[in-house]
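What follows is the residue order along each chain.
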Amino acid sequence: MMKEKPDLLKISELWIRILNKMDADEKMAKDFGTGDLLHCSEIHTVMAIGKNPDTNLTSLSLLLGISKSAISQMTGRLVVKGLIEKHRDSKNEKEVRFRLSPKGRIAYLGHEQHHAKIYARMHRNLGDLTDDEFSLIIRFLSAMEKTLDESGHGEK
């Protein structure tokens, strides 16, 4: 007897609802402990600088997958907000490098705590996974990513 295939329409509808909720969540600016409302792109830039201290514009552009022009504008906003600091490379005075300010470090740690809370809720909602269940989730998410890539909506 042949097993019936899962209803891909149900999976697709649930996936679209999840994407819509994630999109709405990412559009909302959040305070990560500094009193500043930071958009997703801003906190991800803070995180990239926090994980890669003394990085330059080109490196940030590659890390975040956005243009140097966009990174230049973003870092300018973050300097004005007092979250990052610019400094000159001691070996190459023309090269500008970035590091977190003390206020930026607070936002960095606040974002880490934000993620820890999300992971705790995920664990509570999922419970302990068997290796097979974990592998199935990874397979599913990889298939969804590949589907988005094939439709031109993701990175290739």
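These numbers come from a predicted model, not from an experiment. (Residues numbered from 1 in each chain as written. Predicted model: local features only at pLDDT ≥ 70, side-chain atom pairs only at ≥ 80, totals over all residues. Heavy atoms only, no water.)

Trainee: Describe the sheet that holds strand β4 (residues 84–88), and please don't skip the residues or the numbers.
Mentor: Taken in spatial order, the 3 strands of this open sheet run β3-β5-β4, and their pairing is antiparallel. Unpaired on one side and paired on the other, β3 (55–56) and β4 mark the two borders of the sheet. In the sheet, β3 pairs with strand β5 (residues 96–100) via 2 bridges, with the strands oriented antiparallel. Within the sheet, the bridge partner assigned to T55 lies in β5 and is F98. Packed onto the sheet, helix α2 (residues 40–51) meets β3, β4 and β5 and runs at close to 100° relative to β5. (Pairing = 2+ DSSP bridges. Helix = DSSP H or I, 4+ residues; strand = E, 2+ residues; numbered from the N terminus. Contact = heavy atoms within 4.5 Å. Axes fitted to C-alpha atoms, helices over the stretch in contact; angles between N-to-C directions.)

Trainee: Can you tell me about the side chain of H111, naming the residues and giving the values?
Mentor: Relative to the helices and strands, H111 resides in helix α5 (residues 102–126). Those residues within four positions of H111 in sequence are excluded, and the remaining contacts are F32, I43, H44 and M47.

Trainee: Now, about the pattern of salt bridges: what can you tell me, with residues and values included?
Mentor: With the rule as written, the count across this model stands at 7 salt bridges. The salt bridge partner of K103 is D36, with a shortest N-O separation of 2.9 Å. Taken together, the positions of K103 in helix α5 and D36 in the loop between β1 (30–31) and β2 (37–38) put the pair 67 residues apart, joining distant regions of the chain. D36 sits in the buried class, given a relative accessible area of 16%. (Salt bridge = Lys/Arg side-chain N within 4 Å of Asp/Glu carboxyl O. Buried < 20%, exposed > 50% of the residue type's maximum accessible area, 1.4 Å probe, protein only.)

Trainee: Got a sec to walk through a nonpolar patch on the surface? Specific residues and values, please.
Mentor: Together, L8, I11, Y119, M122, L126, L129, F134, I137, I138, F140 and L141 give the surface a local cluster of nonpolar side chains, amounting to about 980 Å² of exposed area. Contributing elements (two or more residues each) for the nonpolar patch: α1 (8–27), α5 and α6 (131–150). Broken down by element, the nonpolar patch gets its largest block of residues, 5 residues, from α6. Its location among the elements puts I138 in helix α6. (Patch = residues over 30% accessible without salt bridge, like charges linked within 9 Å, V, L, I, M, F, W, Y side chains within 5 Å. Areas by Shrake-Rupley, 256 points an atom, 1.4 Å probe, with all protein chains shown as cover.)

Trainee: Can you break down the packing of α2 against α5 residue by residue, with the values?
Mentor: Here α2 crosses α5 at 105°, and the two axes come no closer than 9 Å. Between α2 and α5, the angle falls in the class roughly perpendicular. Across from I43, H44, V46, M47, G50 and K51 in α2, the residues of α5 making contact are G104, A107, Y108, H111 and E112. A class-by-class count of the residues in the contact of α2 with α5 yields 5 nonpolar, 4 polar and 2 charged. (Parallel < 35°, antiparallel > 145°, perpendicular 65-115°, else oblique. Nonpolar A, V, L, I, M, F, W, Y, C, P; charged D, E, K, R; others polar.)

Trainee: Just give me the short version of the nonpolar core, but keep the residues and values in it.
Mentor: By size, the foremost hydrophobic cluster in this structure holds 17 residues, and its most contacted members are I43, V46 and A107. Put simply, the parts of the chain that give this core at least two residues each are α2, α4 (68–80), β5 and α5. Among the elements that make up this core, the one with the highest residue count is α2 (5 residues). (Core = buried A, V, L, I, M, F, W, Y, C linked by side-chain atoms within 4.5 Å.)

Trainee: A description of α2 should follow, citing residues and the corresponding values.
Mentor: Since the α-helix turns once every 3.6 residues, residues separated by three or four places project in the same direction. An ideal rise of 1.5 Å per residue puts 16 Å on 12 residues; α2 measures up with 16 Å between its terminal C-alpha atoms. Burial within α2 is extensive, with 9 of its 12 residues counted as buried. Regarding α2, the residues found buried are C40, E42, I43, T45, V46, M47, A48, I49 and G50. (Expected span 1.5 Å × (residues − 1).)

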